[in-house]
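Given next are the chains, with one letter for each unit.
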Amino acid sequence: MRRFVSRAGRCLAGLVLLIAAPAVPAVAATAGHRLSLTLIDRTGRPPADADTWVDLYDLATGEQMPFGVRDGAGTVHLPAGAYQAYGFVQTRDPDSVSTVVLPRIRLDRDTALVLDARTAERVDVRVDRPGARRHGGAIEFLQPTPGHTIRYAASLPADIDAYLTPTAAAPGLRARIYATLTGGGATTARQAYVVVRDLRDGVPPRLRFTARVRELAVRTVTVAGQGRPACATLELSATRSGSPWQYTERIPLGPPDRPPFTVAFSPGADPLWALTTEFMGGDCDPAAGVDRYSVNAVFRTAGTGTLAFGRAPLGPAVAHRQPGTAGYVFWADDTLLVRIPLFADAGPGHYSTPLDSSYPAYPYVTGETRLTGADGRLLYTEPRPGHCACHLPAGTVPDGPLRLAVDAYRAAPWSDLAVRQHIEWTFPADRERPAVPLLAVRYRAALDADGRAPGGAAFPLALWVERHDPASPAVATVRLEASFDDGATWSAVPLTGTGDARSGLVTHPASGYVSLRATAADTAGNRVDQTVIRAYGLTPPSA
């Protein structure tokens, strides 16, 4: 049976428990009242120490309190007040997991309570499709307090039953159930259903929910190939408004030429979904390194649509930023921190993961990052493309703009595209600006499922300019060139359009590859010059 380790360091067969607050050592206080909790599994016996724990929170502050369990019981001395407890119990033979919730414990005297898994109801989430079974899931709880919000989450394992205790009315306590179902619960199914149910002010006595597929937001997921044998997985991550915790499921998709995969979501304005495909070699082994192609989405209404990943041309993405961060390039005192994703797939809103996030596990890109002054003087260099902690002590930054240059050489076994990139950004040396005003040129092209366009024809290519800093001024100029000999010679591509969006026609030779070189500048002089060698391939015309 699988084993997972939680963030709190706990390990159980078949279960991962995710808790926002850190684990606290079980050290009893000496003042206040005694709280004793006894846990019972679904067979009526005390659970083994490795099969149970209690997380206890102060409802006045939201802080997690110390509580240790031994032989199915624990005791702690606490100040008088109100507390909330979550007891986890795993029952053996037959296996099941139970979450026992005590939403409010009033501690004004010595108190003894029982957390009995036999009082829990089975969490039963279904869709109206025969054979669909749970592939995974989770339950997340949020409880606001005068201090900070209590956050607790536990998984719903795929292969055993999960139970949750109903509660009395619990004002403010919100629970969300996530359940991902596939055909027979198998990882090889070509359909998945992600059902989300919200519970407010406590847990009701009946936990059976059936979703109708016609009421879900159904998306067909396609993954484009890149000229060589490949494999992909789909990662679904949901973030609830007001919570840093993520519900995540991973589903194998297999080779890109397999039939399309469909996934259906419960519609609503919340959560925000981050959808990522991991693209890897044909042996489907992620340990050898992966490309990550991502897009964020909110599925507000039922209906159908398409999610397309892996489409060329690949290139840098700078617009996506995690909330509360300064983005991919920003100043931290005397250091310019650079973490730019260089191989995002095409498509509005698509982004990727900076190489340094998993750099040792991605051996297919080499190169360097250089920072120079306007006079060409080298200020800093790092032997990793798109990554730099460029330390510039006070007094060493020259007047005028800075230039950040990246050279990246790519030899991924699943791709013959984007084999080389050269990107150069020009921007002011303004350490007081939260986000460096980078630009990036992104492309959209009607390529086939292998990243190819028709040879011997005029081919429409759309491009737009995205900004790292949303407050950057308007785009003033955009230019594009194409090469059909891996960058030895270049031809201008006339563009139409204004502002961020432009389009043009590239006249293709009969076969080979198309490389692209683009330049964009805004009215303040911020500029990007970016080249991608072998942006996409060509399919020879039929005889």
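Everything below is about the structure printed above this text.
It should be emphasised that the depicted structure is a prediction, and the values quoted were computed from it without experimental measurement. (Residues numbered from 1 in each chain as written. Predicted model: local features only at pLDDT ≥ 70, side-chain atom pairs only at ≥ 80, totals over all residues. Heavy atoms only, no water.)

1. Focus on the packing of aromatic side chains
- One pass over the structure, following the stated rule, counts 13 aromatic pairs.
- With 5.2 Å between their ring centres and 85° between their planes, Tyr364 and Trp414 make a pair best called edge-to-face. Linking Tyr364 in the loop between strand S27 (335–339) and strand S28 (365–373) with Trp414 in the loop between strand S31 (402–410) and strand S32 (420–427), this pair joins segments that are 50 residues apart in sequence. Take Tyr364 and Trp414: they sit in the same class, and that class is buried.
- Centroid distance Phe459 to Tyr536: 5.8 Å. Interplanar angle 50°. Geometry classified as tilted. One end of the pair, Phe459, is in strand S35 (residues 458–467); the other, Tyr536, is in strand S41 (residues 527–539), and 77 residues separate them in sequence. Here the two residues Phe459 and Tyr536 agree in accessibility, since each one is buried.
- For the cation-ring pair, Arg42 lies above Tyr163, with the distance from its terminal atom to the ring centre recorded as 3.7 Å.
- The ring of Phe343 carries the charged tip of Arg410 above its face, separated from the ring centre by 5.2 Å. (Phe/Tyr/Trp six-rings, centres within 6.5 Å; stacked < 30°, edge-to-face > 60°. Helix = DSSP H or I, 4+ residues; strand = E, 2+ residues; numbered from the N terminus. Buried < 20%, exposed > 50% of the residue type's maximum accessible area, 1.4 Å probe, protein only. Lys NZ or Arg CZ within 6 Å of the ring centre and 35° of its normal.)

2. Observations regarding the environment of Ala162
- Its place among the elements puts Ala162 in strand S15 (residues 161–164).
- Residue classification places Ala162 among the buried residues on the basis of a relative accessible area of 2%.
- Distance from Ala162 to Ile139, taken between C-alpha atoms, is 10 Å for residues 23 residues apart in sequence.
- When near neighbours in sequence (up to four residues on either side) are disregarded, Ala162 contacts Val97, Glu121, Arg122, Val123, Arg134 and Leu156. (Contact = heavy atoms within 4.5 Å.)

3. Looking at the pairing of strand S36 (residues 475–483)
- Where S36 meets strand S40 (residues 512–522), eight bridges bridge the pair, whose relative direction is antiparallel. Pairing of Val478 across the sheet is with Ala520, part of S40.
- Bridge count between S36 and strand S37 (residues 491–492): two bridges; the pairing is antiparallel. Across the sheet, the residue bridging to Ala482 is Ser491, located in S37. (Pairing = 2+ DSSP bridges.)

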